[in-house]
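Each chain, written out:
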Amino acid sequence: MPGDMVETVRMDDEIRARRAACTDSFLGNGLIRPADLLAAIGSDVEPDVYGEGGVVRVLEHHIADLLGKPAAVFLPSGTMAQAATLRVHAEQRSRRTVCWHPYCHLPRHEGGGYARLHGLIGREVGEPDRVIESRDLGRVAEPPAALVLELPQRDLGGMLPDWDDLVAQTTWARENGAAAHLDGARLWEATAGYGKPPSVIAELFDTVYVSFYKGVGALPGCCVAGTTDVVAQVREWRSRMGGTLHAMWPAAGSALTLLPGALAEMPVRMAHAQAIAAALATTPGVRVVPDPPQTPMMNVLFETTADRFAAHAERLAVKDGLWVWPRPVETGVPGVVRAELAVGRGTLSHTPDFVASTLGMLAG
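Residues numbered from 1 in each chain as written. Predicted model: local features only at pLDDT ≥ 70, side-chain atom pairs only at ≥ 80, totals over all residues. Heavy atoms only, no water.

Draft legend 1. Looking closely at empty space enclosed by the protein. Tallying each qualifying case throughout the model produces one cavity of 30 Å³ or more. Its volume calculated, the largest cavity comes out at about 60 Å³. As for the largest cavity, its lining consists of H101, V131, I132, V148, L149, E150, L151, Q153, P161 and Q169. Per-element accounting of the lining of the largest cavity gives the leading share, three residues, to strand 5 (residues 146–150). (1 Å grid on protein atoms, 1.4 Å probe; cavity = no way out; pocket = protein on both sides within 12 Å on 5 of 7 lines; lining within 4 Å. Points joined across faces, edges and corners; volume = space filled by probe spheres on them. Helix = DSSP H or I, 4+ residues; strand = E, 2+ residues; numbered from the N terminus.)

Draft legend 2. Summary view of the layout of surface pockets. In this structure, the second largest pocket spans a volume of roughly 340 Å³. In terms of lining residues, the second largest pocket is bounded by 15 residues, among which Y103, D155, N299, L301 and R338 are the most central. Elements that contribute at least two residues to the lining of the second largest pocket include exactly strand 9 (286–289) and strand 10 (297–302). Broken down by class, the residue content of the lining of the second largest pocket amounts to eight nonpolar, two polar and five charged. (Nonpolar A, V, L, I, M, F, W, Y, C, P; charged D, E, K, R; others polar.)

Draft legend 3. Fine view of the pattern of salt bridges. The full count for this structure, using the stated rule, is 15 salt bridges. In this structure, the salt-bridge partner of D13 is R16, at a minimum N-O distance of 2.3 Å. On the criterion of helical spacing, the pair formed by D13 and R16 is a turn pair, its members being three residues apart in helix 1 (residues 3–21). With a relative accessible area of 41%, D13 lands in the partly exposed category. For R16, a relative accessible area of 54% corresponds to the exposed category. (Salt bridge = Lys/Arg side-chain N within 4 Å of Asp/Glu carboxyl O. Buried < 20%, exposed > 50% of the residue type's maximum accessible area, 1.4 Å probe, protein only.)

Draft legend 4. Highlighting the sheet that holds strand 7 (residues 207–211). Read from one edge to the other, the open sheet built from seven strands follows the order 2-8-7-6-5-3-4, with strand pairing classed as mixed. Only two strands of the sheet have a single partner each, and these edge strands are strand 2 (71–75) and strand 4 (121–124). Strand-to-strand, the axes of this sheet are offset by a mean angle of 20°, without reference to chain direction. As judged from the five bridges shared by strand 5 and strand 6 (residues 179–184), these two strands associate in the parallel manner. Each residue of the ladder has a partner; that of L147, found in strand 6, is A180. Here helix 3 (residues 54–67) sits on the sheet in contact with strand 2, strand 7 and strand 8 (222–226), set at roughly 130° to strand 2. Where helix 4 (residues 78–93) meets the sheet, it contacts strand 2, strand 3 (97–100), strand 5, strand 6, strand 7 and strand 8, and its direction lies at approximately 175° from that of strand 6. (Pairing = 2+ DSSP bridges. Axes fitted to C-alpha atoms, helices over the stretch in contact; angles between N-to-C directions. Contact = heavy atoms within 4.5 Å.)

Draft legend 5. Focus on the side chain of S211. Looking at where S211 falls in the secondary structure, it is placed in strand 7. When its relative accessible area of 2% is taken as the criterion, S211 is described as buried. There is a polar contact of 3.4 Å between the side chain of S211 and the side chain of K214. In contact with S211, other than residues within four places in its own chain, are G184, A185, W188, V216, G221 and C222. (Polar contact = N/O pair within 3.5 Å; in protein donor to acceptor, adjacent residues only side chain to side chain.)

Draft legend 6. Region of interest: the environment of A178. Relative to the elements of secondary structure, A178 occurs in the loop between helix 8 (163–175) and strand 6. For A178, a relative accessible area of 4% puts it in the buried group. For the pair A178 and V268, spaced 90 residues apart in sequence, the C-alpha separation works out to 36 Å. Leaving out residues up to four positions away in the same chain, A178 has contacts with R93, R95, P144, A145, A146, A173 and D206.

Next up, the structure:
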């Protein structure tokens, strides 16, 4: 193994050990331990058998009702769920092109699976530094199979399109014979940003993907909701792709337990995010994007180097037992690094002033 690779592995082991020794964090839902996740499953949960019956069926019905769709199917990962859903839309329309934002998860983080496994063709729409707007879609001449919209746009700090423009975008999809698909990994956060329930947002889309391990803090797993025929086909693709596990009840039980509380808490998280951004307005060397936050999340920009940031983060972990990002993301701008702050249960346990002062230390 090359020397630099050995050093990377060693560093990752050190970071994992450092995190395990920490006792507090204001990142997202905080330091969720395995015992916490297991406790959320519930002692009286009814198991499924290969995804049939039990708590899996209960969760699927709950998500279908919550999103106002005829049906829903539970899958172990979003990578499997979204690509399979888009394949179904493509085959129903005898088209292969899918339009999405330059920061869409499918082309950036899934190893080209949409093309190599499903034969789809991705087409970027809009600019990387802003959300898709309806004017961008007017430049698409070829007939697409689907339009993918991510709400909120995670890489842009949780930005949302204007509601009326979002309506115009989904209308464009249908008028052009395409499906409107929602990458709703953080749809729960978008409900706070728009001030609308999940069903009102989901009504604009033919299919909706939602995740349970991010803002909800449950075990990994997700659902796709939509029409009965599309969901039935996605369920078959789940089996073909090895996603119909013998027992899916732990993840489904965890989601069913934690989702209601997380969803109800989103307006409070939203207010807390905006209060943190306001506190950072007077913190030297730190700013947020977008400002103010449009959802309970934001990108935090630090005027420092990656090495100085990492050294401050290590000091906080070792001396104070406070876990923050061990390393920042390079922005390409010298002397400016970035981190993503998702506001969750862990964040709510700290005052905005405490969070702002700690972020200021990381920039010091």
